[in-house]
Amino acid sequence: MARPAPFPALVVGCGVIGLTSALELQAAGVEVTIAARELPPATVSNVAAAFWYPYAVLPPERCLPWAMESLGVFREHALDPASGVVLCRGIELVPPGGRQPAWLLSLPGARPARPEELRPGFPAGIVFEAPLVETSLYLPWLMARFRARGGRIETADFAGLEQALARSPLVIDCAGLGARELARDPSVFPIRGQILRVARGAQGTFAVSHGLDGGATYVIPRSQDCVLGGTRGDGVDSLAPDPEESADILRRTAELAPAVLGAEVLGLLVGLRPGRPSVRLEVERLPAGRVIHNYGHGGAGVTLSWGCAREVRRLAL
Ligand SMILES: Cc1cc2nc3c(=O)[nH]c(=O)nc-3n(C[C@H](O)[C@H](O)[C@H](O)COP(=O)(O)OP(=O)(O)OC[C@H]3O[C@@H](n4cnc5c(N)ncnc54)[C@H](O)[C@@H]3O)c2cc1C
């Protein structure tokens, strides 16, 4: 039985990191309020593809265990069709000179791809099962769970941590890219990402490939569309669509999955991932109270969310 917390907590941020942190604290008996400048569907988390895969995030020795812990939670959520989480079998295609990640091969059911499963130009591959998290469904589902347990969600724009601490002596900082100003952390930077939504068509499984330059190409089928990505602009903070990047995405994804060739383009999304040299997940003690920072998840906020939220819970109690 969880020991009740002595005072309520304020979670700043209502993206996937804020919502999962809030739900974990609630499960431990803490009275939680979420306050955020933007609520779904206006968060970066809504732009996420969102494919379970630790990408563009550091350090691996902390992120991999968080990802694995989250994987177990997503498997449970996939049992509820309303969650927007499905388990899907797909393939990682490895380019010439690329590495086959050992952790990926160690997933239950993962195996090296057979020659007939590979695509021209990709000498190796790994077939595995991963959660696909449709954030337009998943975030409202999390919000509904949070509210059903008595949680409050409100809009608020905090100029600094002192303002948040004036509301509660325990603040969970899940401000994503906004932590740059909120926590006055200059090491936070945007990682621009652009994706295309196309008609789902014949594509039934995911395909992903990681280039030697650190970029990723992916085809993610969802319930109403198929996501084609992606791009990675470290330090780029423009939300303007880039037509040249779109053309490049279409070219690269067709190499992974020819079924997307000629698919009707339904839309284009751009988001700024919250980059940082390493995820910040730690307690800071300030005169007015405690802050637990949980931000800087780069291209893997959805992937790491539940593992990080459980660490927030351990740190809070
Ligand atoms: C194109 C693209 C594709 C992606 N694909 C994937 C994927 O396949 N898998 C994956 O795991 N991840 C993916 N990501 C990364 C993922 O979207 C992020 O890591 C994740 O959304 C970060 O979540 P967050 O809750 O920290 O941030 P956000 O969703 O940005 O939420 C931050 C919250 O903090 C609030 N806030 C900020 N500052 C303040 C303030 N001063 N006062 C009050 N509130 C404030 C905001 O309003 C918001 O509510 C992708 C990202 C992009 C852009």
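Residues numbered from 1 in each chain as written. Predicted model: local features only at pLDDT ≥ 70, side-chain atom pairs only at ≥ 80, totals over all residues.

### Observations concerning the overall build of the chain
Part 1 of the argument: The secondary structure content of the chain amounts to eight helices and 15 strands.
Part 2 of the argument: For a compact globule of 317 residues, the expected C-alpha radius of gyration is about 20 Å, and the chain comes in at 19 Å, within 12% of that figure.
Part 3 of the argument: Of all intrachain contacts in the chain linking residues separated by at least 6 positions in sequence, the fraction that spans at least 24 positions is 75%. (Helix = DSSP H or I, 4+ residues; strand = E, 2+ residues; numbered from the N terminus. Rg over C-alpha atoms; globule rule 2.2 N^0.38 Å. Contact = placed C-beta atoms within 7 Å.)

### Quick word on the sheet that holds strand 7 (residues 170-173)
Part 1 of the argument: Taken together, six strands build an open sheet; the order of strands is 6-2-1-7-15-14 and the sheet is mixed. Across the chains shown, the open sheet's two edge strands, defined by having one partner strand only, are strand 6 (152-155) and strand 14 (280-286). Strand-to-strand twist of the sheet, defined as the mean angle between neighbouring strand axes without regard to direction, takes the value 20°.
Part 2 of the argument: Relative to strand 2 (residues 32-36), strand 1 (residues 9-12) runs parallel, the two being bridged by four bridges. Residue pairing across strands places Val-12 opposite Ala-35, the latter belonging to strand 2. (Pairing = 2+ DSSP bridges. Axes fitted to C-alpha atoms, helices over the stretch in contact; angles between N-to-C directions.)

### A word on the environment of Gly-121
Part 1 of the argument: Position of Gly-121 among the secondary structure elements: in the loop between strand 4 (111-112) and strand 5 (124-133).
Part 2 of the argument: With 183 residues separating them along the chain, Gly-121 and Leu-304 place their C-alpha atoms 31 Å apart.

### Topic: the domain arrangement of the chain
Part 1 of the argument: Each domain of the chain was delimited in the assignment, giving domain 1 (1-84 + 134-188 + 276-317) and domain 2 (88-130 + 189-274).
Part 2 of the argument: With centres defined by C-alpha atoms, the gap from domain 1 to domain 2 works out at 26 Å.
Part 3 of the argument: Across the side of domain 1 that touches domain 2, the residue classes tally to 12 nonpolar, five polar and two charged. (Domains from an automatic or database assignment. Nonpolar A, V, L, I, M, F, W, Y, C, P; charged D, E, K, R; others polar.)

### Some thoughts on the packing of helix 1 (residues 16-27) against helix 4 (residues 135-148)
The description of two helices packed together rests on the angle between their axes and the distance between the axes.
Part 1 of the argument: It is at 10 Å that the axes of helix 1 and helix 4 come closest, and there the two elements cross at 30°. On the basis of their axis angle, the class for helix 1 and helix 4 is roughly parallel. At the point where helix 1 passes helix 4, the crossing takes the left-handed sense. Contacts between helix 1 and helix 4 involve Val-16, Leu-19, Ala-22, Leu-23 and Gln-26 from the first element and Thr-135, Leu-139, Leu-142, Met-143, Arg-145 and Phe-146 from the second.
Part 2 of the argument: Considered class by class, the residues forming the contact of helix 1 with helix 4 number eight nonpolar, two polar and one charged. (Parallel < 35°, antiparallel > 145°, perpendicular 65-115°, else oblique. Left-handed = near helix turned anticlockwise from the far one by under 90°.)

### Quick look at the nonpolar core
Part 1 of the argument: Within the largest apolar cluster, 86 residues are counted, with the highest numbers of intra-cluster contacts made by Val-12, Phe-51 and Val-219.
Part 2 of the argument: Ignoring any residue separated from it by four or fewer positions in sequence, one finds Phe-51 in contact with Ala-130, Leu-132, Phe-206, Val-208, Tyr-218 and Ile-220. (Core = buried A, V, L, I, M, F, W, Y, C linked by C-beta atoms within 7 Å. Buried ≥ 20, exposed ≤ 12 C-beta atoms within 10 Å, placed from the backbone.)

### Remarks on the site of the ligand
Part 1 of the argument: Surrounding the ligand, one finds 41 residues, the nearest of these being Gly-15, Gly-176, Gly-178, Gly-271 and Gly-301.
Part 2 of the argument: Here the residues of the shell around the ligand are counted per class, giving 22 nonpolar, 15 polar and four charged.
Part 3 of the argument: Built from parts of two domains, the shell around the ligand gets at least three residues from each of domain 1 (1-84 + 134-188 + 276-317) and domain 2 (88-130 + 189-274). (Near = placed C-beta within 6 Å.)

### Let's talk about helix 4
Part 1 of the argument: With 14 residues, helix 4 ought to run about 20 Å at 1.5 Å a step, and its terminal C-alpha atoms sit 19 Å apart, in line with that.
Part 2 of the argument: All buried positions along helix 4 are accounted for by Thr-135, Tyr-138, Leu-139, Leu-142 and Phe-146. All buried residues of helix 4 fall inside an arc of 95° around its axis, so they share one side. For helix 4, the exposed residues lying more than 90 degrees away from the buried face are Ala-144, Arg-147 and Ala-148.
Part 3 of the argument: Against the buried residues of helix 4 lie helix 1, strand 3 (85-94), strand 5, strand 6 and helix 8 (301-316). (Expected span 1.5 Å × (residues − 1). Arc of directions from axis to C-beta.)

### Focus on unusual backbone geometry
Part 1 of the argument: Ala-50 follows Ala-49 through a cis peptide bond whose omega is -10°.
Part 2 of the argument: You can see Ala-50 is positioned in the loop between strand 2 and helix 2 (60-77).
Part 3 of the argument: With phi around 50°, Arg-184 is a residue other than glycine that occupies positive phi space.
Part 4 of the argument: When you line up the elements, Arg-184 lands in the loop between helix 6 (179-182) and strand 8 (189-198).
Part 5 of the argument: Accessibility expressed as a C-beta count within 10 Å gives 10 for Arg-184, which makes it exposed.

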